[in-house]
Amino acid sequence: MHARPFRDADRLYEVLTPSEGMLTLVARGAARSSSKMTGFLQPFDRVRLMIGRGRMDHIAGAATMESFRNLRSSWPDFILASSLVELVLKLHVPGVAARREFDLFLETLRVLDDGSRSARDRIIIGRIFLWKLFSLAGWRPNIESCAVCREALAHAPVSYDAVKGFVCVAHAEGAMQLPASLMVFLADVMDNGDWNALIATALGGNHEREWFSISQKYYQDILEAPIESLKLFQYV
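Basis of the calculations
- Residues numbered from 1 in each chain as written.
- Predicted model: local features only at pLDDT ≥ 70, side-chain atom pairs only at ≥ 80, totals over all residues.
- Heavy atoms only, no water.
- Pairing = 2+ DSSP bridges.
- Helix = DSSP H or I, 4+ residues; strand = E, 2+ residues; numbered from the N terminus.
- Axes fitted to C-alpha atoms, helices over the stretch in contact; angles between N-to-C directions.
- Contact = heavy atoms within 4.5 Å.
- Buried < 20%, exposed > 50% of the residue type's maximum accessible area, 1.4 Å probe, protein only.
- Expected span 1.5 Å × (residues − 1).
- Salt bridge = Lys/Arg side-chain N within 4 Å of Asp/Glu carboxyl O.

Enquirer: Give me the lowdown on the sheet that holds strand β7 (residues 165–167), citing residues and values where you can.
Expert: Across the sheet, three strands lie side by side as β7-β6-β8; this open sheet has antiparallel pairing. On the outer flanks of this sheet lie β7 and β8 (176–178), each paired with one strand and no other. Going from strand to strand, the sheet's axes swing by 30° on average, the running direction of each strand aside. Those strands touched by helix α7 (residues 208–223) are β6 (158–161), β7 and β8, and its axis lies near 135° from that of β8.

Enquirer: Explain the environment of D103 to me, using residue names and the numbers behind them.
Expert: Within the element layout of this structure, D103 appears in helix α3 (residues 98–112). Accessibility expressed as a relative area gives 34% for D103, which makes it partly exposed. For the pair D103 and R46, spaced 57 residues apart in the sequence, the C-alpha separation amounts to 11 Å.

Enquirer: Requested: an account of helix α4 (residues 119–136), with residues and values cited.
Expert: The terminal C-alpha atoms of α4 lie 26 Å apart, and with 18 residues this matches the ideal 26 Å at 1.5 Å per residue to within 8%. Buried residues dominate α4, accounting for 15 of its 18 residues. At the exit of α4 stands G138, carrying a positive phi of roughly 90°.

Enquirer: Mind laying out the pattern of salt bridges, listing which residues take part and the relevant values?
Expert: For the structure shown, the criterion picks out eleven salt bridges. Note that R72 and D45 form a salt bridge whose closest N and O atoms lie 2.7 Å from each other. Linking R72 in helix α1 (residues 69–73) with D45 in the loop between β3 (21–27) and β4 (46–52), this pair joins segments that are 27 residues apart in sequence. Between D221 and K217 there is a salt bridge; the shortest N-O distance is 3.7 Å. Of this pair, D221 and K217 both sit in helix α7, four residues apart, which is roughly one turn of that helix. The class for D221 is partly exposed, based on a relative accessible area of 24%. Taken together, the shared-partner salt bridges in this structure form one network comprising E20, R53 and D57.

As structure tokens, this is what we get:
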């Protein structure tokens, strides 16, 4: 997920695992040009690791299981995939949900790695991943009923307020107005695992600007920490 220099010729790697969530591991000598291990620790790749346990867990061996070299060969794809990594690091899911987070991230990388996808498709994939991660991380918004009066929001005008949440027209003063069709779509994004269907629906919709705006606004409201990655989820 992420690598940074450590002491001497060592590096620290943040790795996402299916059973333990995020781990920080030392790769001894990985910064040396002669290190053979570095070739198996490429960005985004799925690898099998042998972990030496101790005061600081370290990588004792590595083997590539699935390479996403297409994402590394294109600069725009590399930046987009790196943005997904940043989101995972910010919204990391610990505990029993770690396996679902791992599976979601791996599935998203596979969809992005498809060379037949257009640039616009890839931005849509990034947004879909963001909302699926929201849901998985415990930040799934209540878009079924008004946060104030509990009136059903289905097929009705909806607004978003940073303090109240998603509300009906009666409580929408000063809130961001959103089309009802966008709420239906967001529910589908969080629940539907058919990526092709979701991408097709997004391409055929007419709520591109609102989807970007609520994605950025909702993320920044729940974490109170804006990140540059969200700017990449605008359509190109």
